Amino acid sequence: MLVDISNVLDKDYFEEELNIDLNEKIFDLDNYITIKYPIKIDIIISKSLNNILFKLKCKLNYEAVCSRCLELYDGSFSIASEGNIVYRKNDEEFEENSLILRDKSVNLDEFLYQEIASSIPMKFLCREDCKGLCKKCGINLNNKNCECDKQSYDLRFEKLKDLTFD
C-alpha cells in the first residue's frame, strides 16, 4: 500500500494525520489466524527541516482457534510504532524502524507485515482463565464439568496399570 506524502516534503515544518482502511488481503498467516478486514490504520507524519518522522497505530481484529479448548473465537490486538522516513540510496544502511521514501511515497506493506508478525500472540486464548479440555474424555471444561477421575497421573502410562506381577 503506497502512501503519498508529497505535501509533507514540500514544507519545512508540517504534520499530517492519515486515517487509512486497509481492505486488501496482504497478510497470509496460514491457518493460525484469520485477520478481519478492514484494518484501521492511523499514521501521523511530521517534518521538521530534514527529519521526517511517523507514528503508526492500528488495531487488528482476528479469528483464531483457542490453544487450550480448541474453540473458534474473535480477538484483537493493537500495534503502535514510530520511526523515521528516510531516502535510501542504493544499498545504504538504514535504521530498523524506518520507512523508505521512493517517488514521494512510502510503501507500508512490508513494514506492517513485520509489525503484525512480531505482535501476534504466541498462544491464542479465548480468555485468560480458559480451562481447556479434559485430559481424559476431551470435554470442553469451560462449558461443562466432566465426571472423570481427577487423580493426577500421566496418561501415557495408563496401560501400566493393567500390568500384573506373578
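Parameters and conventions
Residues numbered from 1 in each chain as written. Predicted model: local features only at pLDDT ≥ 70, side-chain atom pairs only at ≥ 80, totals over all residues. Heavy atoms only, no water. Helix = DSSP H or I, 4+ residues; strand = E, 2+ residues; numbered from the N terminus. Buried < 20%, exposed > 50% of the residue type's maximum accessible area, 1.4 Å probe, protein only. Areas by Shrake-Rupley, 256 points an atom, 1.4 Å probe, with all protein chains shown as cover. Contact = heavy atoms within 4.5 Å. Polar contact = N/O pair within 3.5 Å; in protein donor to acceptor, adjacent residues only side chain to side chain. pLDDT = per-residue confidence, 0-100. Phe/Tyr/Trp six-rings, centres within 6.5 Å; stacked < 30°, edge-to-face > 60°.

Trainee: What is the right way to look at the overall build of the chain in this model?
Mentor: For the chain, the helix and strand inventory stands at 2 helices and 7 strands. Secondary structure elements of the chain occur, N-terminal to C-terminal, as β-α-β-β-β-β-β-β-α. The proportion of buried residues among the 166 residues of the chain is 34%. Carbon and sulfur atoms form 46% of the exposed surface of the chain, whose accessible area is close to 11900 Å².

Trainee: What should I look at first to understand the environment of arginine 68 in this one?
Mentor: Checked against the element boundaries, arginine 68 lands in the loop between β4 (51–65) and β5 (72–87). Linking arginine 68 and glycine 132, residues 64 residues apart in sequence, is a C-alpha distance of 4.3 Å. Residues contacting arginine 68, with those up to four places away along its chain left out, are Leu125, Glu128, Cys130, Gly132 and Leu133. A polar atom in the side chain of arginine 68 sits 3.4 Å from the backbone oxygen of glutamate 128.

Trainee: Would you mind showing me how to read the confidence of the model for the chain here?
Mentor: Interpretation of the predicted coordinates at a detailed level should be avoided for regions scoring low in pLDDT. Per-residue pLDDT for the chain has a mean of 80; in total, 88% of the residues score no lower than 70. Looking at the elements of the chain, mean pLDDT is at its lowest for helix α1 (residues 6–9), recorded as 71, and at its highest for β4, recorded as 88.

Trainee: Would you take a moment to explain the packing of aromatic side chains for this structure?
Mentor: We describe a pair of aromatic rings using the distance from one ring centre to the other and the angle between the two ring planes. If you walk through the whole model with that rule in mind, you get 3 aromatic pairs. Ring geometry for tyrosine 62 against tyrosine 73: centres 6.1 Å apart, planes inclined by 80°, an arrangement best described as edge-to-face. Of this pair, tyrosine 62 sits in strand β4 while tyrosine 73 is found in strand β5, placing the two residues 11 residues apart along the sequence. The class of tyrosine 62 is buried, set by a relative accessible area of 5%. With 5.8 Å between their ring centres and 50° between their planes, tyrosine 62 and phenylalanine 77 make a pair best called tilted. One end of the pair, tyrosine 62, is in strand β4; the other, phenylalanine 77, is in strand β5, and 15 residues separate them in sequence. Taking the relative accessible area as the measure of exposure, phenylalanine 77 reaches 11% and is therefore buried. Members of the aromatic cluster, connected to one another through ring pairs, are Tyr62, Tyr73, Phe77 and Phe124.

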